[in-house]
Amino acid sequence: MNQPQKPIHFALTTPLYYVNDVPHIGSAYTTMAADAIARFHRLQGKNVLLITGTDEHGQKIQRTAQSQNIEPQQHCDKIAARFDDLWQKLNIQYDRFSRTTAPKHEKIVKEFFERVSNNEDIYLDRQQGWYCVSCEEFKDERELTSEKHCPIHTNKKAEWRDEENYFFRLSKYQDRLEHLYATRPDFIQPPSRRNEVLSFVKGGLQDFSISRINMDWGFPIPVNPEHTIYVWFDALLGYVTALLDPEDDPTLEKALKNAWPINLHLIGKDILRFHAVYWPAMLFSAGLEIPDRVFGHGFLTKNGRKMGKTTGNTIDPFDLVDRYGADAVRYYFLKEIEFGQDGDFNENRFVTVLNADLANDLGNLLNRTLGMAKKYCQAQVPDLTGEAIATDNPLKNQGIAITPKVIQAYEALNFTQACEHIFDLIRACNKYIDEQAPWSLYKQKQQDRVEQVLYAVLESVRLSAYLLAPIVPDLSQKVYQQLGFSADFNNPTCLNEQLQFEQHSAWGILPPKQVLQKAKPIFPQLELSEE
RNA sequence: UGCAGCGUAGCACAACGGCAGUGCGCCUGGCUCAUAACCAGGAAAGUGUGGGUUCAACUCCCAUCGCUGCAACCA
């Protein structure tokens, strides 16, 4: 028998990214945030399931593949691999990579469709109108430009379509959705996004089409193979398929057995409606529970301007990681951009922020302190414990105070605030060293005081690194290593065995006389590199 | 056009109706343990604009300008 699995305590998803093109910075942003949240929960000893993946069906994919003279599946495989590459580079620890072209996914979609259909929520109707292939959507005539071009894809002409489609009876769920929003005010976050959804729903819901005709890259509608299931109905269910263990039969029952409902869907604000309106309605129809929370984060700009391939104003995530490293990229986007709001990427600012926080405030702090420990304490942690440090020691007090604040910030997905609390402590350490001037105390032969000071600083650095680990795991790892720990923040087993939260999130646990390693800059100062 | 939000030092953000703060940058000084680092002091906004309520307004109200988001199937 297999060992009984620990139940999932926290399941979260990124979107299943559309494989129309190689991953862009927006996908990376969502995924970095998701990974930080996942790591935060794992740090607390929870069994976490982080789901990401790719959405691979639709006419756009079909046509893209065609234009390159390859099979759609070949194209999908190629692009999906690129996503995975980027996640490796960014040190993303996902648990499931769900692809909508997976055979087991088809089974799940079919079963789900039948449930919804049996509930009489699917019907056939005629749809006429202008269709943008790039959006895979029907457009209102008034939305289009005078040349009948889609407003989003201004280089593409919309096509006139007159076809029969299957529709999902979204309108039926108007009341239940409104009740959901009213009774669970935290379901949609942040509040500004919630308001948008509320006002949208208040305007009255119309049924939406869930199939396309004349398109074969996708799953056929079970009752009518002439029709292909439209991307959203298919893609959202990828979250369910992802829950299947490898040995499971692909049934809804199996999929939902241990991690349903999902605790958090993390998405960009552009796909909020699908997750906050369509998705819960689909789940209502199928009789499934609703996820706990949907968080729509903001969009990124570059140098204050909208990003876009047509304007050439883009950020290549691969290039950014290659030039600056995963921790730097993760830190900038999570700390420097308020999560939920739009934010800007500016390379100048990127470099100054990283140098100020990671190289100078934190990196140099560790470096200078280890230097003193080597000179004054034989490269060992002073023979003290946290308890031996005076109760009025400012670092001790601040160290004790920050953990609950940081936890709260992480739980609210407020990475900026979590970092700010941590860096308050780090800056306090630098100030404390200056005030205490251990080098003078040493010359005055006040060894006891030197040791008190260094212990308090080393321990505060340790705590800071521990609390930063969800955001900059490799950096935290280096700090811990130099402080004489062997545990690895990237290794889940270590988290449970050597880095337990109750112990390491407390101030004062640095083991007396632990042998310190050689000081080596954990984060070298960056220089603004040429693009 | 309708609904929502935003507009605060050079930049990015903060401020239960009660002395407008923080980080980056800038100037001056200090220190020497340290990654030209760190610490201290300073210059710099009177809060888009015009009214109103109040003993007191960045905060509440009205108007106005500017920007952003949403308004049916777009990461």
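Residues numbered from 1 in each chain as written. Chains lettered and ligands numbered in written order. Predicted model: local features only at pLDDT ≥ 70, side-chain atom pairs only at ≥ 80, totals over all residues. Heavy atoms only, no water.

Overview of the overall build of chain A
Moving on, step 1. Scanning chain A from N- to C-terminus turns up 20 helices and 16 strands.
Moving on, step 2. The C-alpha radius of gyration of chain A comes to 26 Å, within 12% of the 24 Å expected for a compact globule of 531 residues.
Moving on, step 3. By the burial criterion, 57% of the 531 residues in chain A qualify as buried.
Moving on, step 4. Total accessible area computed for chain A in this model is approximately 23,100 Å², and 47% of it derives from carbon and sulfur atoms.
Moving on, step 5. Taking the average place of the 58 positive charges on the side chains of chain A and the average place of its 70 negative ones, the gap between the two points comes to 4 Å. (Helix = DSSP H or I, 4+ residues; strand = E, 2+ residues; numbered from the N terminus. Rg over C-alpha atoms; globule rule 2.2 N^0.38 Å. Buried < 20%, exposed > 50% of the residue type's maximum accessible area, 1.4 Å probe, protein only. Areas by Shrake-Rupley, 256 points an atom, 1.4 Å probe, with all protein chains shown as cover. Lys, Arg positive; Asp, Glu negative; His and termini not counted. Charge placed at Lys NZ, Arg CZ, Asp CG, Glu CD.)

Let's talk about a positive patch on the surface
Moving on, step 1. Residues K374, K375, K478, K518 and K520 make up a contiguous surface patch of positive charge.
Moving on, step 2. Assignment of secondary structure puts K478 in helix α18 (residues 473-482).
Moving on, step 3. Note on K478: relative accessible area 40%, which makes it partly exposed. (Patch = residues over 30% accessible without salt bridge, like charges linked within 9 Å, V, L, I, M, F, W, Y side chains within 5 Å. Salt bridge = Lys/Arg side-chain N within 4 Å of Asp/Glu carboxyl O.)

Topic: the packing of aromatic side chains
Moving on, step 1. For the structure on display, the rule yields 36 aromatic pairs.
Moving on, step 2. Between Y324 and F350 the ring centres are 4.8 Å apart and the planes differ by 50°, which places this aromatic pair in the tilted class. A residue pair is termed long-range when its members are at least 10 positions apart, and Y324 in helix α11 (residues 317-324) and F350 in helix α13 (residues 347-377) qualify at 26 residues.
Moving on, step 3. Through successive ring pairs, a cluster of aromatic residues spans Y29, F40, F295, Y324, Y332, F333, F339, F345, F350, Y410 and F415.
Moving on, step 4. Residue placement shows R212 over the ring face of Y230; its charged tip is 4.1 Å from the ring centre.
Moving on, step 5. Here the basic side chain of R273 rests over the ring of F200, its NZ or CZ set 4.2 Å away from the ring centre. (Phe/Tyr/Trp six-rings, centres within 6.5 Å; stacked < 30°, edge-to-face > 60°. Lys NZ or Arg CZ within 6 Å of the ring centre and 35° of its normal.)

What about the pattern of salt bridges?
Moving on, step 1. Tallied over the entire structure, the rule returns 24 salt bridges.
Moving on, step 2. The salt bridge partner of D35 is R39, with a shortest N-O separation of 2.8 Å. Linking D35 with R39, this pair stays in helix α1 (residues 25-43), spanning four residues, or about one helical turn.
Moving on, step 3. Here E56 and R99 are joined by a salt bridge, their closest N and O atoms 2.6 Å apart. Residue E56 is located in the loop between β2 (48-55) and α2 (59-67), and its partner R99 is located in strand β3 (residues 96-99); the two are separated by 43 residues in the primary sequence.
Moving on, step 4. The class of E56 is buried, set by a relative accessible area of 0%.

Considering the packing of helix α14 (residues 394-411) against helix α17 (residues 447-468)
Moving on, step 1. Two elements in contact, α14 and α17, have axes separated by 10 Å at closest approach and are oriented at 5°. On the basis of their axis angle, the class for α14 and α17 is roughly parallel. Along its contact with α14, which presents L395, G399, I402, T403, V406 and Y410, the element α17 presents A456, V457, S460, L463, L467 and L468.
Moving on, step 2. Looking at the contact of α14 with α17 residue by residue, the class counts come to nine nonpolar, three polar and no charged. (Axes fitted to C-alpha atoms, helices over the stretch in contact; angles between N-to-C directions. Parallel < 35°, antiparallel > 145°, perpendicular 65-115°, else oblique. Contact = heavy atoms within 4.5 Å. Nonpolar A, V, L, I, M, F, W, Y, C, P; charged D, E, K, R; others polar.)

Quick word on the domain arrangement of chain A
Moving on, step 1. Under the domain assignment used here, chain A contains domain 1 (10-297) and domain 2 (326-504).
Moving on, step 2. Taken over C-alpha atoms, the centre of domain 1 sits 40 Å from the centre of domain 2.
Moving on, step 3. On the domain 2 side, the residues contacting the 26 residues of domain 1 number 27 residues.
Moving on, step 4. At the boundary of domain 1 with domain 2, total buried surface from both sides reaches about 2,400 Å², with 67% on carbon and sulfur atoms.
Moving on, step 5. It is Y29, F40 and L43 that lose the most area in domain 1 upon contact with domain 2, and together they represent 29% of the buried surface on that side.
Moving on, step 6. At the junction of domain 1 and domain 2, the tally comes to two salt bridges.
Moving on, step 7. Among the ionic pairs, K269 bridges to D342, the shortest N-O distance being 2.9 Å.
Moving on, step 8. Along the contact surface separating domain 1 from domain 2 lie nine residue pairs in polar contact (both at pLDDT 80 or more). (Domains from an automatic or database assignment. Buried area = accessible area lost by both parts, 1.4 Å probe. Polar contact = N/O pair within 3.5 Å; in protein donor to acceptor, adjacent residues only side chain to side chain.)

Thoughts on the sheet that holds strand β7 (residues 188-189)
Moving on, step 1. Strand order in the open sheet made by the six strands is β3-β2-β1-β12-β13-β7, with parallel pairing throughout. Each edge of the open sheet is held by one strand with a lone partner, namely β3 and β7. (Pairing = 2+ DSSP bridges.)

Observations regarding the environment of L49
Moving on, step 1. Of note, L49 is situated in strand β2.
Moving on, step 2. Since its relative accessible area comes to 7%, L49 is described here as buried.
Moving on, step 3. C-alpha of L49 to C-alpha of L264: the two residues are 215 residues apart in sequence and 11 Å apart in space.
Moving on, step 4. Excluding residues that lie within four positions of it along the chain, L49 makes contacts with I8, F10, A11, L12, D95, R96, L243 and A259.

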